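Chains, contacts and geometry: an overview
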Amino acid sequence: MTDQPGGLADSAFLRAARGQPAPHVPVWFMRQAGRSLPEYRAVREGVAMLDACTRPELVVEITMQPVRRHGVDAAILFSDIVLPLKALGVDLDIVSGVGPVVAEPVRDLAAAEAIPSFDGDRVGFVTEAVNELVAQLGGTPLVGFAGAPYTLASYLIEGGPSKDHALTKAMMHGAPDVWRALMDRLVGISAGFLRVQAEAGASAVQLFDSWAGGLTPADYREHVLPYSSAVFERIADLGVPRVHFGVATGEILADMASVDVEVMGVDWRVPLDRAVQRIRPHQAVQGNLDPALVFAPWDVIEAKAGEVLELGRTAPGHIFNLGHGVLPSTDPDVLTRLVDLIHSYEFAVAS
Ligand code: 1CP
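Contacts to the ligand come from 24 residues, most closely from Ala33, Asp80, Tyr155, Ser210 and His324. Between the ligand and aspartate 80 there is a distance of 2.7 Å, counted from a nitrogen atom to a side-chain nitrogen or oxygen. The protein chains hide 86% of the 890 Å² of surface that the ligand would expose on its own. The set of elements that each furnish at least two residues to the shell around the ligand consists of helix H2 (38–44) and strand S3 (99–102). When its residues are assigned to classes, the shell around the ligand shows 14 nonpolar, seven polar and three charged.

What follows concerns the packing of aromatic side chains. Scanning the entire structure with this criterion turns up five aromatic pairs. Relative to phenylalanine 208, the ring of phenylalanine 145 has its centre 5.5 Å away and its plane inclined at 90°; by these criteria the two rings are edge-to-face. With a gap of 63 residues between them, phenylalanine 145 in strand S4 (residues 142–147) and phenylalanine 208 in strand S5 (residues 204–208) connect regions that are remote in the sequence. The exposure class of phenylalanine 145 is buried, given its relative accessible area of 6%. By relative accessible area, phenylalanine 208 is classed as buried at 8%. What links up through ring pairs into an aromatic cluster is the set Phe145, Phe208 and Phe245.

Turning to the nonpolar core, a few remarks are in order. One finds Trp179, Leu182, Phe320 and Leu338 to be the most contacted residues of the largest nonpolar core, which totals 129 residues. In this view, leucine 182 contacts Val106, Ala112, Ile115, Ala153, Leu156, Ile157 and Met171; residues no more than four positions away in its chain are not counted.

Here helix H9 (residues 166–174) has its buried residues at Thr168, Met171 and Met172. Each buried residue of H9 lies within a common arc of 100° when the element is viewed along its axis, so the set occupies one face. Turning to H9, the residues buried within the fold contact helix H8 (149–158), helix H10 (176–200) and helix H11 (217–234).

Within this structure, the stated rule accounts for 12 salt bridges. Arginine 68 serves as the salt-bridge partner of glutamate 61, at 2.9 Å between the closest nitrogen and oxygen. A relative accessible area of 25% means that glutamate 61 is categorised as partly exposed. Note that aspartate 260 is salt-bridged to arginine 242, the shortest N-O span being 3.3 Å. Taken as a pair, aspartate 260 in the loop between helix H12 (253–256) and strand S7 (263–265) and arginine 242 in strand S6 (residues 242–245) lie far apart in primary sequence, 18 residues in all. In this structure aspartate 260 comes out as partly exposed when scored by relative accessible area, which is 36%. A network of salt bridges, in which partner residues are shared, links Glu39, Arg69 and Asp333.

Each value, and the rule that gives it
- Residues numbered from 1 in each chain as written.
- Predicted model: local features only at pLDDT ≥ 70, side-chain atom pairs only at ≥ 80, totals over all residues.
- Heavy atoms only, no water.
- Near = heavy atom within 4 Å.
- Polar contact = N/O pair within 3.5 Å; in protein donor to acceptor, adjacent residues only side chain to side chain.
- Areas by Shrake-Rupley, 256 points an atom, 1.4 Å probe, with all protein chains shown as cover.
- Helix = DSSP H or I, 4+ residues; strand = E, 2+ residues; numbered from the N terminus.
- Nonpolar A, V, L, I, M, F, W, Y, C, P; charged D, E, K, R; others polar.
- Phe/Tyr/Trp six-rings, centres within 6.5 Å; stacked < 30°, edge-to-face > 60°.
- Buried < 20%, exposed > 50% of the residue type's maximum accessible area, 1.4 Å probe, protein only.
- Core = buried A, V, L, I, M, F, W, Y, C linked by side-chain atoms within 4.5 Å.
- Contact = heavy atoms within 4.5 Å.
- Arc of directions from axis to C-beta.
- Salt bridge = Lys/Arg side-chain N within 4 Å of Asp/Glu carboxyl O.

Here's what the structure looks like:
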């Protein structure tokens, strides 16, 4: 990374992530790659999702597409949270229209202990893709990511997407030895996968604990937080900004922010000024326009995005994003217009 003015370290995204003043509020969108873009659907034609993730030339192309089209301030690697599990030998697939499906769900100690340890050699294609992306992106940072232990565990235990996570919670409460064994392994996998991406050149990393918001605060604190905390501690030496994100996390935001992390991702349910009161004073915020709002008339989008920007000023740094991923039917032109709006926004009163 270069420290020259205008270089990567000076990018609006990294400055905001570190709580430093930025020339403009940086913006990117969770799930900006591989969702709403016709050019994505064209290159994915006939290629299975997880195969696409293992082909560096495709990963590079799909990761670059939203950067070229929207002019966002960060790229996110095209991959999936279950990819490292698959690469390590867990029998799973991403089924179109469903999501990740696990052939033999983890239900006992033997199955938990059979989850392989992380091995960077199994994801050499990620290193290759990240190296190439860093070269092509120049001054635009690349965000690496991983699923948090709890969210990964939910897929492994349920066997696929679930609304209530009943089997996951049953294991958490009813089989603590199995839970610990599984979560310990997933800490190694999440941290290992983030490390590989950062060492290959990713400028920041995000841990997606998408489903943690379905837990009671007590359960989150006792059964999940220690493992997510361990992931962040294991990668602290990398020196890249770390983002912690989940959905519907209002009630657990303070706990999520208690880990060693620079940026807190906030979903759309909590106004950013209130989020700032729940997290730690040095932490930047990322978010949080309701992803459904981009379907509203433009004057409404403009007003709501303006509100998000104004409330974001209460944090030492603000990275504009949606409160969760881009919805697949989103009009990409609206996202481009939104990026332009964020970049040209003039704050009402100087700070
Ligand atoms: O910008 C990007 O799209 C980057 C790539 C990306 C990311 C960051 C993909 C590609 N997946 C993810 C993360 C991911 N995957 C999360 C965390 C973020 C979030 O909360 O949205 C989760 C929970 C998953 C699991 C997953 N993978 C689901 C959700 C299923 C459920 O439980 O409801 C689904 C549908 C997938 C498949 C997937 N991942 C990515 C793509 C482009 C797709 C669709 C694959 C296809 O073409 O069929």
